[in-house]
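Given next are the chains, with one letter for each unit.
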Amino acid sequence: MEKRIFLASPTMHGEEQQFIQEAFDTNWVAPLGKNVNEFEKELAAFVGVGHAAALTAGTAALHLAVKLAGVQRGDKVFCSDLTFSATVNPVSYEGGEQIFIESERETWNMDPRALEAAFAKYPDCKCVICANLYGTPARLDEIRAICDAHGAVLIEDAAESLSATYKGQQTGTFGQYNALSFNGNKIITTSGGGMLLSDDEEAIAKARFWSTQSREPFPWYEHKEIGYNYRMSNIVAGIGRGQLLHLQEHRDRKEQIYRTYEAAFRDLPLTMNPYLPESRPNFWLSCMTIDPGCAVTPEQVRLALEAENIESRPIWKPMHLQPVFAGHDFITVGDNVGEDIFARGLCLPSDIKMTDADMERVISVIRGLF
Ligand SMILES: *Cc1c(COP(=O)(O)O)cnc(C)c1O
């Protein structure tokens, strides 16, 4: 059996270990220290946002964003439908109710027309969570304008889209609160980790307070609020600082992978995941859809790849189809785009360590089916 080709696995460079060594040498083996502070500053500077809080996970960042947005028991929150469950789970942690918003064909992300329709139906909604799926920016300024017009807080889930831009502006800056993830499969990784970004300095200070058990400034442990143990470790932050040095390089390789698939499938009934001309995705995952009317199914492609020790994965299953969210409203203005993409789509190996020969292996298996 040939060596396994992964969807997306960590790519380390060496600098990561130097930052970790420094943490050991100075004995800052704790959820605070120079790496944590510097990682926050370096990432905020890269993205172009005022303030950042380094946390244990992207999910923790989204949870604190939902708290900062003031979501309370019974509140409705408009959420991307075609996304990973971590985008929407934190609403449940606070007792809120997710209302799922249909995707558009052009980006696979939240359709601004469906968002408008949702506000028409539920004018009191005060929070929207919008994800940039697979590293492709949503129509972020339109979505932001709709949120502003309705007095709703926008939370941008940029977990998959770090280094992608929309109209020249980095993703992770369009929401009042923005979440990043450094999980093992993301474009840069710390093994596990996340960050909350905002221009609101007080909000980030509050997030740090909650993330370190809500300890009041007393000599003894004094608590007026429920706290969380969400702060990033100084060791983990060291990995992040090393990875950040290579973010642009990771992004450029991801784009090459996408372009290689795009060129290889030009004469086949396959279409790559689309994006708007005004956006520059980070191409975190290359995905394809099989054109309507073609007899081959994504599952056949997945199994053919798996037989050659190549990992691929179905498109994220829409949230409104998930048993755990049965009974939640789903706002649609079109022809159920998310279900269609789920039925016809597949995420392809997008690991930046793939060689040209590895990519040739993947492509020839796929070509063999059409
Ligand atoms: C990975 C991911 C998250 C969660 O990040 P973790 O760091 O794994 O908690 C949230 N949203 C999306 C869209 C993701 O892909």
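Residues numbered from 1 in each chain as written. Predicted model: local features only at pLDDT ≥ 70, side-chain atom pairs only at ≥ 80, totals over all residues. Heavy atoms only, no water.

Enquirer: What am I meant to see in the overall build of the chain here?
Expert: For the chain, the count of helices and strands is twelve helices and 15 strands. On C-alpha atoms alone, the chain measures out to a radius of gyration of 21 Å, which is about the 21 Å that the 2.2 N^0.38 rule sets for 370 residues. Within the span of the chain, comprising 370 residues, buried residues form 57% of the whole. A separation threshold of at least 6 residues defines the contact pool for the chain, and within that pool the share at least 24 residues apart is 72%. As presented, the chain carries roughly 15,000 Å² of accessible surface, and 52% of it is formed by carbon and sulfur atoms. Charged side chains in the chain number 34 positive and 50 negative. The centres of these two groups are separated by 2 Å. (Helix = DSSP H or I, 4+ residues; strand = E, 2+ residues; numbered from the N terminus. Rg over C-alpha atoms; globule rule 2.2 N^0.38 Å. Buried < 20%, exposed > 50% of the residue type's maximum accessible area, 1.4 Å probe, protein only. Contact = heavy atoms within 4.5 Å. Areas by Shrake-Rupley, 256 points an atom, 1.4 Å probe, with all protein chains shown as cover. Lys, Arg positive; Asp, Glu negative; His and termini not counted. Charge placed at Lys NZ, Arg CZ, Asp CG, Glu CD.)

Enquirer: When you look at the domain arrangement of the chain in this model, what are you seeing that I'm missing?
Expert: Size of an interface: often given as the accessible area lost when the parts come together. Splitting the chain by domain gives domain 1 (15-244) and domain 2 (247-367). Here domain 1 and domain 2 have C-alpha centroids that lie 25 Å from each other. On the domain 2 side, the residues contacting the 49 residues of domain 1 number 41 residues. Summed over both sides, the interface between domain 1 and domain 2 buries roughly 4,000 Å², with carbon and sulfur atoms accounting for 61% of that surface. Among the residues of domain 1 in contact with domain 2, Glu102, Trp108 and Tyr134 are the three that bury the most area, contributing 22% of the side total. (Domains from an automatic or database assignment. Buried area = accessible area lost by both parts, 1.4 Å probe.)

Enquirer: Help me understand the layout of surface pockets in this model?
Expert: Unoccupied space between atoms shows up once a probe the size of one water molecule is rolled over them. The volume enclosed by the largest pocket comes to roughly 300 Å³. Surrounding the largest pocket, 23 residues form its lining, Phe84, Ala86, Ala159, Ser181 and Lys186 being those nearest its centre. When grouped by side-chain class, the residues that make up the lining of the largest pocket number nine nonpolar, ten polar and four charged. Volume-wise, the second largest pocket comes out at about 190 Å³. (1 Å grid on protein atoms, 1.4 Å probe; cavity = no way out; pocket = protein on both sides within 12 Å on 5 of 7 lines; lining within 4 Å. Points joined across faces, edges and corners; volume = space filled by probe spheres on them. Nonpolar A, V, L, I, M, F, W, Y, C, P; charged D, E, K, R; others polar.)

Enquirer: Just checking my understanding: could you explain the site of the ligand for this structure?
Expert: With respect to spatial proximity, 15 residues lie near the ligand, and among them Thr59, Asp157, Glu160, Ser181 and Lys186 are the closest. The contact in question runs from an oxygen atom of the ligand to an N or O atom on the side chain of Glu160, over 2.5 Å. Here an oxygen atom of the ligand and a backbone polar atom of Gly193 are 3.5 Å apart. Here the ligand loses 92% of its free accessible area of 380 Å² to cover by the protein chains. A molecule is said to occupy a pocket when more than half its atoms come within 2 Å of that pocket's grid points, and by this definition the ligand occupies the largest pocket. The leading source of residues in the shell around the ligand is helix H3 (residues 58-68), at three residues. Of the residues that constitute the shell around the ligand, the class distribution is five nonpolar, seven polar and three charged. (Near = heavy atom within 4 Å. Polar contact = N/O pair within 3.5 Å; in protein donor to acceptor, adjacent residues only side chain to side chain. Sits in = over half its atoms within 2 Å of the grid points.)

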